[in-house]
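Results of the structural survey
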Amino acid sequence: TGLRARVERVRVRDFVPVRVVRPPHRDDMQTAPRPAPAGRVPVHPGAERLHDESNVVAAVAGLQRRARVRERAAARGFRVGIEPLAWAGHVSDYRDGWDIIQRVDHPNVGLVLDSFHVLALGLPVEPIGHIPSDRIFDIQITDAPWLDMDLMPWSRQHRCLPGRGDFDLVSFVRAIKATGYTGVYSLEIFATEADTVPLPQHAVDALQSLQALMDTA
């Protein structure tokens, strides 16, 4: 069997985070790792929801002003995905991202969930299960060791394949499955050590780790 990869991204510099996502046209790939060590609590804040209504309102207003972005995306077969980043200064919690999407109320605007941005902040995964599956546009999976360091370098230098870190990816994926989501699961890995692995081997390792995660979850 062959493995095909396609990356299509549009950067909108004056509104972060926005990602343009092409709807899947193939069978979803699925994934899995060993259980993360118990008893370790993230050192980074965020498990308690730090909701700022003004940030949500501003984001909604920004999306509404940029209506042409979503309309042009729709005309080309793309969708606009909102991806809250763990280190974002305004919207870092996926629950606020979902709040924004509901207020914008446009079928071409949905949520992108990255396991790092959810789990590194210690956010609860159960609310994911209540999001309609058709409003989840992309799932990005990564594992990582628990490290006492700033979020951005932690994300950019220490992501790893499922099963090689400490994140509870099984609970994350189970919450996604609870929505009825049948779309694509992608891997988003940033790590210096990954650059030393031959690309064909890395592709095989990636597919096997993802499949193992999906089978476990």
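In this convention, every chain numbers its residues from 1, walking through the sequence in written order. Per-residue local features are limited, in this predicted model, to residues with pLDDT of at least 70; the limit for side-chain atom pairs, both in listing and counting, is 80 or more; totals at the level of whole chains, interfaces and linings are taken over all residues. Hydrogens are left out, water is left out, and the side-chain values use all remaining heavy atoms of the structure.

1. Some points on the pattern of salt bridges
In plain terms, the rule: For this analysis, a salt bridge means a side-chain nitrogen from Lys or Arg found within 4 Å of a carboxyl oxygen belonging to Asp or Glu. Categorising residues by exposure relies on relative accessible area from a 1.4 Å probe, with only protein chains included: less than 20% of the type maximum marks a residue as buried, more than 50% marks it as exposed, and the intermediate range marks it as partly exposed. The way it works is that DSSP assigns letters per residue, a run of H or I at least four long becomes a helix, a run of E at least two long becomes a strand, and they are numbered from the N terminus.
With the rule as written, the count across this model stands at five salt bridges. For Asp 93, the salt bridge goes to Arg 95, with nearest N and O atoms at 2.6 Å. Residues Asp 93 and Arg 95 agree in their burial class; the two are buried. A salt bridge links Arg 103 to Asp 99, with the nearest nitrogen and oxygen atoms 2.9 Å apart. On the criterion of helical spacing, the pair formed by Arg 103 and Asp 99 is a turn pair, its members being four residues apart in helix α3 (residues 94-104). Judged by its relative accessible area of 34%, Arg 103 is partly exposed. For Asp 99, a relative accessible area of 17% puts it in the buried group. Each of Asp 114, Arg 159 and Glu 188 takes part in one network of salt bridges that share partners.

2. Focus on the confidence of the model for the protein chain
Parts of the model with low pLDDT should not have their predicted coordinates read in detail. The condition that has to hold: The quantity known as pLDDT measures the predictor's confidence residue by residue, on a range of 0 to 100. Two residues form a contact once any of their heavy atoms are found within 4.5 Å.
On average, residues of the protein chain carry a pLDDT of 77, and 75% of them reach 70 or more. Per-element averaging of pLDDT across the protein chain places strand β1 (residues 18-21) at the bottom with 41 and helix α6 (residues 169-178) at the top with 97. Counted against residues more than four places away or in other chains, residues 5-49, with its pLDDT under 50, gives 116 contacts.

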